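# Observations on the three-dimensional arrangement
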Amino acid sequence: MMTVSENIFHELDFFAVSFALGILLVLVYDCLRILRRLVRHGVVWISLEDLCYWIFTAFVIFAMLYQKNDGLIRGFSIGGIVLGMLLYNQLISRYTVKYITRALKKAIRFVQKVTNFILAPFRKAAKKASNKCSILAGKGRKFKKYLNKRLKRAGKLIKIGISKK
C-alpha cells in the first residue's frame, strides 16, 4: 500500500511526464514548421501533415495516459500537457524554428555550391558533347536527304529497266 508521500510523488511524476510530453509534441510540430519553411507546401499538403500530426499526438497522449495512469484521463495531466505546450511555444519555439531553419538553409546552400563546383567540368563536357551531337545530327539529316534522293533515282532506273524488258 502506498503512503501519502508516495502518492504525491507519483502524481508529481505523472504531471512532469505530461509537461515534458507537451514540450515534445510542440517540438515535433516545430520540425514540421521547419520543413515547411525549407520546402514550400500547398494547402492540401499542409492539411494532410496537420491531420497526421494530430493523429500521432492523440496516440502518443493515449499511450502516455495508458502507461502512467492506467488510461484514466486526469485534468492535471491534460493541464500539464497544455502548460508544457504553451510555455515551450511562447518561450522557445519561435527561436528554435528561426535559427534551425536559417542554419539548414545555409547548409543546403553550401552543399549546392560544393556540388555545383564538383559537377561544373561534367556540365561543360556534356554541353560540348551536346553541341557536337547536334552538329552531327544536322549532318546526318543532310546525308539522309542525299541518300533518299539517290535511292529514288535508283528506284526509278530499276523501274525503267524492268518495264523495258
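For the structure, see preceding data.
Quantities reported herein were computed from a predicted structural model and do not represent experimental measurements.

## Here we look at the overall build of the protein chain
- When its secondary structure is counted, the protein chain shows three helices and zero strands.
- Of the regular secondary structure in the protein chain, the N- to C-terminal order runs α-α-α.
- In terms of C-alpha radius of gyration, the protein chain reaches 35 Å, well past the compact-globule figure of 15 Å for 165 residues.
- Seen through its C-alpha atoms, the protein chain measures out along the principal axes to roughly 120 × 40 × 30 Å.
- Counting across all 165 residues of the protein chain, residues that qualify as buried make up 18%.
- Excluding contacts between residues fewer than 6 apart, the proportion of contacts in the protein chain whose partners are at least 24 apart in sequence is 80%.
- Approximately 13,200 Å² of the protein chain is accessible, and the part contributed by carbon and sulfur atoms is 71%.
- Looking at the protein chain, you have 31 positive and 7 negative side-chain charges, and the mean spots of the two groups are 51 Å apart.

## A word on the nonpolar core
- Within the largest apolar cluster, 12 residues are counted, these being Phe 14, Leu 21, Leu 25, Val 26, Leu 32, Tyr 53, Ile 61, Met 64, Leu 65, Ile 81, Met 85 and Tyr 88.
- Put simply, the parts of the chain that give this core at least two residues each are α1 (4-38), α2 (43-69) and α3 (75-164).
- Considering each element in turn, this core owes the most residues, five residues, to α1.
- Each residue touching Leu 65, except ones within four places of it in the same chain, is listed here: Phe 14, Asp 70, Gly 71, Leu 72, Ile 73 and Ser 77.

## What to know about the environment of Gly 84
- Here Gly 84 shows up in helix α3.
- Contact partners of Gly 84, with chain neighbours within four places excluded, come to Phe 19, Gly 22 and Ile 23.

## Considerations on a positive patch on the surface
- A cluster of basic side chains, namely Lys 139, Arg 141, Lys 142, Lys 145, Lys 149, Arg 150, Lys 152, Arg 153, Lys 156 and Lys 159, defines a positive patch on the protein surface.
- Mapping Lys 152 onto the fold places it in helix α3.
- By relative accessible area, Lys 152 is classed as exposed at 59%.

What counts, and at which threshold
Residues numbered from 1 in each chain as written. Predicted model: local features only at pLDDT ≥ 70, side-chain atom pairs only at ≥ 80, totals over all residues. Heavy atoms only, no water. Helix = DSSP H or I, 4+ residues; strand = E, 2+ residues; numbered from the N terminus. Rg over C-alpha atoms; globule rule 2.2 N^0.38 Å. Buried < 20%, exposed > 50% of the residue type's maximum accessible area, 1.4 Å probe, protein only. Contact = heavy atoms within 4.5 Å. Areas by Shrake-Rupley, 256 points an atom, 1.4 Å probe, with all protein chains shown as cover. Lys, Arg positive; Asp, Glu negative; His and termini not counted. Charge placed at Lys NZ, Arg CZ, Asp CG, Glu CD. Core = buried A, V, L, I, M, F, W, Y, C linked by side-chain atoms within 4.5 Å. Patch = residues over 30% accessible without salt bridge, like charges linked within 9 Å, V, L, I, M, F, W, Y side chains within 5 Å. Salt bridge = Lys/Arg side-chain N within 4 Å of Asp/Glu carboxyl O.

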